[in-house]
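Topology and contacts: notes
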Amino acid sequence: MPRIAFPPPPASDATEALRAEVRDFLRTELADRPPRRRADSWNGFDRDFSRRMGARGWIAMTWPKRYGGHERGALERYVVLEEMLAAGAPVAAHWIADRQSGPLLLRNGTEEQRATILPRIASGDCTFCIGMSEPDSGSDLAAVRTRAVPVEGGWLVNGTKLWTTYAHEAQYMILFCRTDGGTEDRQGGTSQLLVDLSTPGITIRPVLDLSGAHHFNEVVFEDVVLPADALIGRRGDGWNQVMSELAFERSGPERFLSSMALLTELVRALGPEPSGHAAIAVGRLVGHLIVLRRLSRSVAGMLDKGENPTLQASLVKDLGALFEQEIPEIARQLVEAEPDLDSTREFSAVLAHTVMNAPAFSLRGGTREILRGIIARGLGLR
Ligand SMILES: Cc1cc2nc3c(=O)[nH]c(=O)nc-3n(C[C@H](O)[C@H](O)[C@H](O)COP(=O)(O)OP(=O)(O)OC[C@H]3O[C@@H](n4cnc5c(N)ncnc54)[C@H](O)[C@@H]3O)c2cc1C
């Protein structure tokens, strides 16, 4: 059976000064943020916080300076991300744009798209959402039915997107849609379009999650007219573009740090002298965390070198989701407490929040079965 290589990540001594700087910033910024809010992880939305991140140069860190970026290394960016996630900072206003929409525009966008939009992302002013999933096309993305028809001077768009995270706060969506052929053509005939969400004909409706919170939405396009230059990359090349976007979406530390606030509260609740049983359980979790971090940093190093770590990213996301989902299971066995979102006991509130969000960890960004299919194919098993 072929082995999956995770090359050693590049040395990171140079990043330790940056880490100290980020921790310092977060200590002040998050001084009043309670654990229950920190548990929102990368779903916490605060535009002003994102702007302050932008002012520090911690968004668009690896992008060219001419587009508002800072030309720093992928591992420096990694340090900023993991510190933000470990502390439970509210990064959602810039997260998707920094992680995948901006890099997609850098790679495939027109010069006009890059020059006008990337600096706004870098300053924390611009939020993007991902328009991939539809009511009948989630895992099977090639079954996409939203259609953009070329008309004089642009595109006429009709269709519905679902589970669109923060569409209600975003200025732009990267829309994955069909521009040619029919669903029988599968990947062929798909394209990506840049959508200004203030365009007439777009309706954004909330979809509440298990805890009653509003993060994602249904986005309906009814005879929406987009300009001809909304096309990103090449017409009909949407599938290849979206696949490389997913490698960025699946490999970062957000794929194993979503339950960090609960792990922190668990250690706090167990106190300085946990039982032997509890110490072993927490030690095992921390051991897994360290291994996941090593694997994920290796993927960051590969992305930095321009390699294509799709297989490694799928493995990190699958193992990461297992880890994130295991934390609430172990926490509720080790500490006697009722999960209760409104509890004044921090552990109970964070536990309730994580229990209700954990099922989504192995759905968002690609389900467990889909990732395991990619891994099996990479190993030559199917
Ligand atoms: C919190 C959250 C945020 C999200 N944000 C966004 C977003 O911003 N933008 C966006 O476009 N989407 C978003 N999604 C949607 C997400 O990408 C989809 O939910 C996911 O791709 C699964 O699609 P589906 O829900 O249609 O399930 P389905 O594809 O219908 O799958 C249902 C079940 O069948 C299994 N299954 C499907 N096909 C196969 C197969 N071939 N082999 C084996 N098993 C299979 C799946 O693993 C799953 O268990 C979000 C989802 C969540 C939970």
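A brief look at the structure comes next. (Residues numbered from 1 in each chain as written. Predicted model: local features only at pLDDT ≥ 70, side-chain atom pairs only at ≥ 80, totals over all residues. Heavy atoms only, no water.)

Re the overall build of the protein
The helix and strand inventory of the protein stands at 12 helices and 8 strands. Since a compact globule built from 382 residues should have a radius of gyration of about 21 Å, the 21 Å found for the protein is in line with a globular shape. Here the C-alpha coordinates of the protein stretch approximately 70 × 50 × 40 Å along the principal axes. When the accessible surface of the protein is split by element, carbon and sulfur atoms take 52% of a total near 16,700 Å². Of the charged side chains in the protein, 44 are positive and 49 negative, and the gap between their average positions amounts to 4 Å. (Helix = DSSP H or I, 4+ residues; strand = E, 2+ residues; numbered from the N terminus. Rg over C-alpha atoms; globule rule 2.2 N^0.38 Å. Areas by Shrake-Rupley, 256 points an atom, 1.4 Å probe, with all protein chains shown as cover. Lys, Arg positive; Asp, Glu negative; His and termini not counted. Charge placed at Lys NZ, Arg CZ, Asp CG, Glu CD.)

Describing the state of the cysteines
Put plainly, a disulfide is one covalent bond tying together the sulfur atoms of two cysteines. On inspection of all chains with the given rule, the structure shows 0 disulfides. In this model cysteine 129 remains outside any disulfide bridge; the closest cysteine sulfur is found in cysteine 126, 11 Å from its own. Here cysteine 177 is not cross-linked by a disulfide; its sulfur's nearest cysteine counterpart is in cysteine 129, at 14 Å. You can call cysteine 177 buried: its relative accessible area is 0%. (Disulfide = S-S within 2.5 Å. Buried < 20%, exposed > 50% of the residue type's maximum accessible area, 1.4 Å probe, protein only.)

Focus on unusual backbone geometry
One non-glycine residue, tryptophan 163, lies in the positive phi region at around 60°. Here tryptophan 163 shows up in the loop between strand E3 (154-162) and strand E4 (172-178). Taking relative accessible area as the criterion, tryptophan 163 reaches 46% and is therefore assigned partly exposed.

Some details on the packing of helix H5 (residues 92-108) against helix H6 (residues 111-122)
A pair of packed helices can be characterised by two numbers: the angle between their axes and the separation between those axes. Packing of H5 against H6 brings their axes to within 10 Å, and their N-to-C directions diverge by 160°. Taken together, H5 and H6 sit at an angle that is classed as roughly antiparallel. In the crossing of H5 with H6, the sense of the turn from one axis to the other is left-handed. Facing Ala97, Asp98, Gly102, Leu105, Leu106 and Arg107 of H5, the residues of H6 in contact are Gln113, Arg114, Ile117, Leu118 and Ile121. The class makeup of the residues in the contact of H5 with H6 is 6 nonpolar, 2 polar and 3 charged. (Axes fitted to C-alpha atoms, helices over the stretch in contact; angles between N-to-C directions. Parallel < 35°, antiparallel > 145°, perpendicular 65-115°, else oblique. Left-handed = near helix turned anticlockwise from the far one by under 90°. Contact = heavy atoms within 4.5 Å. Nonpolar A, V, L, I, M, F, W, Y, C, P; charged D, E, K, R; others polar.)

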